[in-house]
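# Fold and geometry: a report
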Amino acid sequence: MILYLSIIFVGMALLTAADLIFAAPHFGFGFWFALGGVSLNVVLAIAVDGLFAFLIRRMPAKWFSHDKKIFQVSAREKKFYETLKIRKWKDKIPELGQFTAFRKNKIADPKNNEYLTRYMLEACYGEVIHFVCIFVGFFIIFCMPLKYWLCFGLPVAIVNALLNLPSVFILRYNFYKLKILFRHNEKQEILRSQKENAPVLRAEADEKSVSEKSDF
């Protein structure tokens with residue numbers, strides 16, 4: 001979270017400075033107008049993201065099933081994330097699981113498919129939320145007079161998109177591993193069930209064999 005807040009405040013400072021240097025002489029506004037315009041658009045971007053996150057979280061869980069094709073991650077896509085050195089920086093991106101009472105910063109129970117199913121559900125929700133927020137953040141351009149769109153709305157919307165994109169990458173990268181764990185657990189459960197049922201099946205086979213012999 002500190003990293004994100006640092007990026008936001010540094011970005012606000014740089015954008016305010018750029019507006020004072022390049023836009024203020026043209027539009028005739030001062031420091032407080034520039035700072036206020038930047039701050040307002042940052043607040044609006046956060047509010048828009050929060051609104052759409054709230055709305056998406058209220059959509060039916062069946063729409064976010066981990067079996068849906070849209071959420072599947074190929075080995076090639078996973079390799080792409082690895083070329084971005086995602087393992088080195090993914091833990092620095094804030095995880096907001098506290099808002100859904102389910103933390104996704106680590107896999108707490110990798111052998112429990114019920115837990116993994118819930119984890120993947122939350123990951124699918126999160127992926128859609130961050131992906132949608134990449135685009136809806138550009139709505140803030142229309143919240144101020146359009147003559148200021150290049151000064152305030154567009155730069156803030158671009159930063160908002162860039163802050164949401166890494167979260168999409170991380171969730172999809174982790175999803176690939178979750179599916180592997182899930183399938184492995186399914187296979188282990190089948191093998192375990194077969195071992196448990198083997199004595200019963202042998203006993204039934206022996207009983208059938210004895211029965212067939214007695215018929216002669």
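The following refers to the structure shown.

## As for the overall build of the protein chain
Across its full length, the protein chain carries six helices and zero strands. Starting at the N terminus and ending at the C terminus, the protein chain contains elements arranged as α-α-α-α-α-α. Taken over 216 residues, the protein chain has a buried fraction of 36%. Long-range contacts, defined as pairs at least 24 residues apart, comprise 73% of the intrachain contacts of the protein chain with a sequence gap of at least 6. Entry remark: accessible area of the protein chain is about 13,900 Å², with carbon and sulfur atoms responsible for 67%.

## Things to note about the packing of aromatic side chains
Enumeration over the complete set of coordinates arrives at 17 aromatic pairs. Taken together, F27, F29, F33, Y148 and F152 form an aromatic cluster joined through their ring pairs. Sitting over the ring of Y125, R57 keeps its end group 4.3 Å from the ring centre.

## A word on the pattern of salt bridges
Here the idea is simple: oppositely charged side chains can pair when their charged atoms come close. Taken as a whole and assessed by the stated rule, the structure comprises nine salt bridges. Between E82 and K78 there is a salt bridge; the shortest N-O distance is 2.7 Å. Residue E82 and its partner K78 are located together in helix α3 (residues 75-83), separated by four residues, close to a single helical turn. For E82, a relative accessible area of 26% corresponds to the partly exposed category. With a closest N to O distance of 3.6 Å, D91 and K90 form a salt bridge. Given the relative accessible area of 62%, D91 is considered exposed. Of the residues examined, K90 reaches a relative accessible area of 17% and is grouped as buried. If you follow the salt bridges from partner to partner, you end up with R57, R118 and E122 in one network.

## Quick look at empty space enclosed by the protein
Counting across every chain of the model gives one cavity of 30 Å³ or more. In terms of lining, the largest cavity is formed by K104, Y119, A123, L171, N174, F175 and L178. The element best represented in the lining of the largest cavity is helix α6 (residues 149-214), accounting for four residues. By residue class, the composition of the lining of the largest cavity is five nonpolar, one polar and one charged.

## Some thoughts on the nonpolar core
Soluble globular proteins: nonpolar side chains tend toward being buried together. By size, the foremost hydrophobic cluster in this structure holds 38 residues, and its most contacted members are F29, V38, F64, I140, F152, V156 and F175. Going through the elements one at a time, α1 (2-27), α2 (31-57), α5 (113-136) and α6 are the ones with two or more residues in this core. Sorting elements by how many residues they give to this core places α5 first, with eleven residues. Formed by eight residues, the second largest nonpolar core is a distinct cluster that contains Y4, I93, L163 and Y173.

## Remarks on a nonpolar patch on the surface
Together, F142, L146, W149 and L150 line one region of the surface with nonpolar side chains, adding up to about 470 Å² of accessible area. Its place among the elements puts F142 in the loop between α5 and α6.

## Examining unusual backbone geometry
At K85, a position not held by glycine, the phi torsion is positive, near 60 degrees. As for its position among the elements, K85 is in the loop between α3 and α4 (86-89).

## Some points on the layout of surface pockets
Its boundaries defined by the atoms lining it, the second largest pocket holds a volume of some 150 Å³. As for the second largest pocket, its lining consists of L15, A18, D19, F22, A23, F27, K147, L150, C151 and P155. At the level of elements, α1 and α6 are the ones that each hand at least two residues to the lining of the second largest pocket. Among the elements that make up the lining of the second largest pocket, the one with the highest residue count is α1 (six residues).

## Section: the side chain of N113
Secondary-structure assignment places N113 in helix α5. On the basis of relative accessibility, which here comes to 19%, the residue N113 falls in the buried class. A distance of 2.9 Å separates a polar atom in the side chain of N113 from a polar atom in the side chain of N185. The residues contacting N113, other than those within four sequence positions of it, are L181, F182, N185 and E186.

What counts and how
- Residues numbered from 1 in each chain as written.
- Predicted model: local features only at pLDDT ≥ 70, side-chain atom pairs only at ≥ 80, totals over all residues.
- Heavy atoms only, no water.
- Helix = DSSP H or I, 4+ residues; strand = E, 2+ residues; numbered from the N terminus.
- Buried < 20%, exposed > 50% of the residue type's maximum accessible area, 1.4 Å probe, protein only.
- Contact = heavy atoms within 4.5 Å.
- Areas by Shrake-Rupley, 256 points an atom, 1.4 Å probe, with all protein chains shown as cover.
- Phe/Tyr/Trp six-rings, centres within 6.5 Å; stacked < 30°, edge-to-face > 60°.
- Lys NZ or Arg CZ within 6 Å of the ring centre and 35° of its normal.
- Salt bridge = Lys/Arg side-chain N within 4 Å of Asp/Glu carboxyl O.
- 1 Å grid on protein atoms, 1.4 Å probe; cavity = no way out; pocket = protein on both sides within 12 Å on 5 of 7 lines; lining within 4 Å.
- Points joined across faces, edges and corners; volume = space filled by probe spheres on them.
- Nonpolar A, V, L, I, M, F, W, Y, C, P; charged D, E, K, R; others polar.
- Core = buried A, V, L, I, M, F, W, Y, C linked by side-chain atoms within 4.5 Å.
- Patch = residues over 30% accessible without salt bridge, like charges linked within 9 Å, V, L, I, M, F, W, Y side chains within 5 Å.
- Polar contact = N/O pair within 3.5 Å; in protein donor to acceptor, adjacent residues only side chain to side chain.

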